[in-house]
Structure formats: structure tokens, C-alpha cells
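These are the residues of each chain, in order.
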Amino acid sequence: MRLNEQLKLEDEMFSNGRANVRRNNNKLRLKKMESLSKSGEALSLYGVERIIPHLRAIRKKIESGKAGKNFASLNPLTVIAPQTVAAITMRTIVDLMQGSPSLHTVSQAIGEMLWIEAMLNRLTKEETKRYEQGRRIKRHRIKNLRGMESTEDWTTKDKMACGNLLVELVVKETGLIRIIRSDEPNKKRRIVEPTEQCVEWIMQVQEQHELLSPHYLPTIINPKKFNKDLVGGYHKYPYELFKTNNNLIASQCKGDEPFLHAANVQGDVAYRVRNWQLKQIEYAQALHLTIPESGGGGLLPISGWTPTPYPKHLPDDHPDVLKWKIAAKAVHVKNDKTRSSRIGVAILLHIADRFKDEPEIWFPMSLDFRGRLYYKPPYLNPQGSDLARSLLEFSYFTYIQTEEQANWLRIHGANVYGLGKSDWQTRIDWVMEHEQLILQAGNSPWISSEFWIRAEKPWSFLSFCHTYYEWKTQGPTYQCRHPVILDCSASGIQHFSGLLRSEEMGSLVNLHHTDKPQDIYTTVMNKVNARLRSSDELHARKWLALQPDRTLAKLPVMCIPYAATYCSFYQFAYDWGAKRATTLYGNKNWLGKKGAMKTVHYMAKILYEEASDVIRPAVTAMNWFKSIGVKAGKKNTPLTWTTPAGVLVKQQYNSTKDTRIRLKYLSDIHLDIRVQEDCRTLNTVKMGNGLTSNILHSFDSSLMCLCTLKAREKNVINIGGIHDAFITDPSSMSTLRDAARESFAEIYKNDWLTKTKDTLRKQIPYSEQVDLPVEPQLGELDPTLTLKSNYFIT
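**Observations regarding unusual backbone geometry**
Even without a glycine there, the phi angle at His288 is positive, about 60°. Note on placement: His288 falls in the loop between α11 (275–286) and α12 (319–337). Here Tyr379, not a glycine, exhibits a phi torsion of approximately 65°, which is positive. Mapping Tyr379 onto the fold places it in the loop between β7 (373–375) and α14 (386–390).

**A few points about the nonpolar core**
In terms of nonpolar packing, the biggest core is built from 166 residues, with Phe259, Phe461, Ile520 and Trp543 touching the most fellow members. Those residues in contact with Phe461, other than ones at most four positions away along the chain, are Gly413, Val416, Tyr417, Trp430, Ile438, Phe451, Trp452 and Ala455. Core analysis: the second largest hydrophobic core is formed by 46 residues, Tyr46, Ile58, Leu166 and Val192 among them.

**Concerning the environment of Val614**
Looking at the element boundaries, Val614 is found in helix α26 (residues 596–614). A sequence separation of 90 residues divides Val614 from Val524, and the C-alpha atoms of the two residues are 7.0 Å apart. In this view, Val614 contacts Glu504, Met505, Leu508, Ile520, Val524 and Lys527; residues no more than four positions away in its chain are not counted.

**Considerations on the pattern of salt bridges**
With the rule as written, the count across this model stands at 34 salt bridges. Across the pair Glu41 and Arg91 runs a salt bridge whose closest N-O atoms are separated by 3.1 Å. Of the two residues, Glu41 is situated in helix α2 (residues 38–64) and Arg91 in helix α3 (residues 82–96); the sequence distance between them amounts to 50 residues. Overall, the relative accessible area of 0% leaves Arg91 in the buried class. With a closest N to O distance of 3.6 Å, Lys631 and Glu768 form a salt bridge. Of this pair, Lys631 sits in helix α27 (residues 616–634) while Glu768 sits in the segment after α30 (752–761); the two residues are 137 residues apart in sequence, bridging distant segments of the chain. Under the relative-accessibility criterion, Lys631 is labelled buried at 10%.

**Focus: the packing of helix α28 (residues 684–713) against α30**
Where α28 meets α30, the axes come as close as 13 Å, and the angle between the chain directions of the two elements is 135°. Between α28 and α30, the angle falls in the class oblique. Here α28 runs over α30; the crossing is right-handed. When α28 is examined against α30, the residues Leu691, Ile695 and Phe699 are found in contact with a partner set consisting of Trp752, Thr756 and Leu760. Residues belonging to the contact of α28 with α30 are distributed by class as follows: five nonpolar, one polar and no charged.

Basis of the calculations
- Residues numbered from 1 in each chain as written.
- Predicted model: local features only at pLDDT ≥ 70, side-chain atom pairs only at ≥ 80, totals over all residues.
- Heavy atoms only, no water.
- Helix = DSSP H or I, 4+ residues; strand = E, 2+ residues; numbered from the N terminus.
- Core = buried A, V, L, I, M, F, W, Y, C linked by side-chain atoms within 4.5 Å.
- Buried < 20%, exposed > 50% of the residue type's maximum accessible area, 1.4 Å probe, protein only.
- Contact = heavy atoms within 4.5 Å.
- Salt bridge = Lys/Arg side-chain N within 4 Å of Asp/Glu carboxyl O.
- Axes fitted to C-alpha atoms, helices over the stretch in contact; angles between N-to-C directions.
- Parallel < 35°, antiparallel > 145°, perpendicular 65-115°, else oblique.
- Left-handed = near helix turned anticlockwise from the far one by under 90°.
- Nonpolar A, V, L, I, M, F, W, Y, C, P; charged D, E, K, R; others polar.

Structure (C-alpha cells):
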């Protein structure tokens, strides 16, 4: 019975996806923006590539001054680049052709678009600014454009001549459209319509898009186990386990690899929707509350924010009307920026409501080419946003029987509140000190909501509060289903420390036993602040005024092992500085004044230098791996290696041919072509920059897989993960923590550095190996020290 229900659910996934694609295509068709669809993009690119050479030839003839049919009226074609003319032509035709328009209509529309693009190219900076700040209604913007000093009008004859020529060119060179004569009574005209070949092409692209766009949902029975061919997950519509390279990996798969067993184990863990939590979120949604989470996202009003009513009682030139316009524009901009997030929240709540009465739901797994585990259904899953994670609990319950198990629940609560870098006892003490507030929030969250809303992850913290309240109320008989999470400390540097056996780096990322957690971000920030204080430069004083702390160093240090560039450091510094300066000093601060860029570059340089110095052994290894990747790219050789979890990783970044024709008029809506085509050669830059991060990701995915299997061997039922974070229930966290430490030691007690270096080196020609950078060497770190590390995962 449940199998039949599951099969119907899978049919629904595909029918919903198909309906969504058709609905979006219909919207684009009604708005005459069909060139934005998948088929429209394909048709536009196809046509552009075929008419550009002919447009160049026509332009040469016109510019030569020779006589020719309508050459005098075709001069507008010489003021716009051929690729731009081609893009405008194809976009306009694709947008209009489904409505069987007349040749006159299409030619006129193309001529008008050409004129607008040509005039926008002539605007001065000041005129461009005025044009962009004007009203967005088309007729108002065009009227505004006509009134500018830099613009001029083209005659109707010129526009029509250009449009007619371009339509005929598309007919002749692409075979996508044809012109037929319509002999309707009292209405004889020529009509532009798609050819049979074009219609067939559109149908094929749309059908393929529909099949590839299912709305994946949780299952209501155990997912189908992935077999030796790496196919499984859903029962009626099984899919390939790996997003890419599935056939290659399957060809080498014996069926007993750790990654395969781990994917089946994690996919077999049952969850259910936390109905109490769903009611609280729906209550907040009904009140249109905005409850953000740290790092963005959170709960946003699904319908957006509404500007205050227009002050009709005031004259149009009143200062308060101007203030209203500025405020209303800010609201509209905010709604535009958050639109996708608000839609995501709506879909998330819809799915949660759909499955709220199911006693058990499962999330089939998927892996990327490096072996990292993901949940296939989007929105509602254990790896989702704070909102999504707060809505899920394990179906299989356990009892909290010891103080140690209770402390893991307390530690989780402190972590999601924002105390994740304190020592264990500080986190436990914080929960005990705030117990009354926690119990009140867990019982009646809206009587005094300020406490839990201030949390770093407010919804996860509220979910913890309710669990804590229930446990305190029911005592030892409480059936705890609450997921608790511990994650690694700077996992990229942890894996580099294990791979290189670096004593120096390992001591900074909790591979040793310590009484308090080590924080590499604070270490780097202390060195940065020391340099700032010792400097007499104005740049240093500006940064010191922002009171820099570990949060400034966190993203740069976290990302540098993954080949973060100096440009990334600049962006990290700018984003942090802008947010901190606005918090401390409002919108009027030095980041908005002249010279701000130099000040940000000043900090980015210091951050880059100090972070690189702290992880010097890793930087040496990164340079060597990057050189291997670059040489492989130049020799057009993909790189492969096998991870400790048995995944055959293949790094192959093909060069892409970018075809991008950026049009100024409505370019943010529908007059923009950007297509990437894979070439036969490899992208040397990507091959070099991607190798280090892919190696690290392949090792942290192996740690997750091996930990999953080891924990299951220790009879842990509830097991989940978010890349470098480990999820289970409070009663099983001690066991899962041990499994994580044991798995890390088990991986790095083997010399994976030498094995990986030899594997990669053999794949490039011997002649290319002579000028490699300094080769990374093994240090003196004993990986088994991790077995006793108190804060390996925190």
C-alpha cells in the first residue's frame, strides 16, 4: 500500500515539474519574452551565429559607398556592431513569432529596438544616469530617451528597411522562420511564422527541459538502495548517485566501497516534520514578521513589504512626496532582492505542510564528483537553511539517560545561539544560567520573543528550547528526537594538517587535546590587529575604528585552503567593513567616501599575508598542486585520483566558448545572450585553481563516509551530515564524536600525501615535472593524537 502511494508521489514530482516548466513558458509567451526560455535561448544563439558573417559583409558593402538596393536607408546598420544587430534581431523574432505577427509588425519592432540600442550607446554618463533613474514604464523611458541632447530620430523608412532586411536574412540563413501570404477577407498581409523544423526543435527542447525538471520530494518509504551501477534513490524514477562522472565511477565500482554504503546508510535515516515548530513559523508568517538568521536568509514575508500609502493630500512638488518616493523605491528594491528567498520560504513551508502528518519521511542522497554527500530533495532537508533544519526531527527516538547526554543537548543549544567557540563547560553553564528564559521560549515563544530571536540561528534555537522544555517537563521518559550538530574547526586546514602531518597547523585546528578550543581565526586576527596598531597609516586607524575581530578573518582563513584569491580577500574585507561601519556609524562612513578602495586593499593585503603565514605548509602544498593542475591543463590531460572512501575523482574543466552579447535596452530582462559551449581543450586556470580544493573536498567527504559507517557499526541509528558537520541525537553524540575522531586518525595514519603526489605526477609528462615548485613534505604530526582531541569537532 505504501509503495503505491510512493509511486504516485513520484509521478506527482514529475508532473509538477512539467507543469512548472509549461507555466513559466506560458508566462514568458504572454509577456512576449519567450527568448528567455530554454528553447528561446537555443534558437537565438543558433540564429546569431549564422547571420553575423552576413551582417559583416552587408556592412562592408554599405560603408564602401557602392550603390545598392535600399543602401541609403540601411545606414543605421553601420552604427551598431554586427553581433549586437544579430542579437536584437533574433531576440525580437523569437519573442514575437508564436503570435503569427505580420512582417510589418516584426520589421517595425526590430527597427525600433535597433534605434533604442544605438541611442543608448550615444548617451553621456550624466544622461545614462538620468535614463536609468527614470520611471521603468517603457513609454516613459522611450520618451525620456528621445528628449536627450545626444539622441536623434531615425525615419520610419530607415527603421522598416533595416527590419525587413534582417527578417529576410533570418529566413534565408537559418530556416527557423518563413514568410507566408495571408489572404483573409479584407486583410491581405504577409505573416512571419516558425517553420516545421523550428517548431519540432522547440518541442524537443521543452520536452527535455520538462523531463529534467522534476520537483524532488522526500519519500514516504525507505529510498531504493543504490546498486553497483550507482542507480537508485526513487522507486519508479531512479537516478544516478553522482551528479557527474557516474558511468566512469560505476565502471570501477565493486559494490563494497565506503561511499556507496554511506550514501545508503544516510539515505535510510527516517525523519519527520516537527509540527510544533511549523505552527510557530506559520504564526510568524501570518503576522508578516521578519526574523533573519546569521549569514542571511531566515523568515521573510512571502508577499514582500508594502510601501506606505502615497500622500495624496500633498502637492507633487512637496518635500514629503519626494521622501515618500525615496522610501517607496527602497521597499521595491528590497522586494526585488529578496524575491527568490521569499519564494524559497513559501515552497519550504508548503512541503513541510504537505508531509506534516507523515510518521516517517526519508531523503535520498546524491554525491558530487568529489564524493560530497547531498540530499536530493531541495528546500526541506537536513542540510537546508536554519528554517528548514528547525522543521525536522528524527523519527527514531532515544532517551536522555545520563548527564553527559543532557549536556550534548545543552551544547547544541548554546552552539545555535552563537557560543560555538567557547569551551564545553562555558556552553553548558550558559544554558543553565538562562534556563528559565529557554523554558519560557519553549513553552510560550511569543510572550517574550526577544531572547530567542537574538540567536545566531533563531529557528533552530527555538526548536531546541521546545525540546529542552519537553525534556524538563517529562523527565527520563521523554522520547527525544532532536538533531544535534557538531562541526569541524576549519575543516580545510584540519585536512591539510592531516595530509601534510603538520604539527604547526594541527595545533591551531584542534587536532591535539586541549582544555579550551583553539581558534585559528582569532590567531590570524591577533596578528592583523598587531600590525594595524604598529602602523601610523591612516588606513590602519580607519580599520581600528571598526574594532576588527575574528569574524573578519573567518571567511578568508576558511577559504584560503580552497584556493581563495586576493580578489576574494578584498571582497571579504569590503563586505565585513561595510556591515560593521553601517552598524557603528550609520550610512555615512568612510567606506562610502573617496579613497575607500585603497583602505580596503590595505586590509585585504594584510589579511592575505597573515593568513598565508599561519598556514605556510599548506600554502607550499597549494602551490605545488596548482602547478600540477596547470601543467595538466596545458597538456589537455584530465586528472584522476581515488579517495579513501573509494570514489574515483576525475577533474576535467573544459574550456568554454563564451558568447555574450550584452544589450543595454532591457538587458536585465530579455535582450541578453550568454551561452557557454564546452570545447575540446581544458581550461588551464580552472585546472590549476581547482585542484587543491577538490583534493580537500574529496578527503572531507571521505571522513563523512567513514564516520557514517563506523557510527553505524557502533549502533548509532540517527546519522546525518552537512559536509564537515555531523548530526545525530543527544544520546548518540558521544559515540558519533568518537567515530569522527577515529575515522580521521584511520585516514591519515596512511601516507596519503605521497600517494596523491605520485598519482598526480604520473599523469603529466616527465618533461613537465622538472620545474615544479617546492614539493610538500610530511611533517611530524601523529594522526592518532586526534583520538583524544577534546575539540576536534565542536
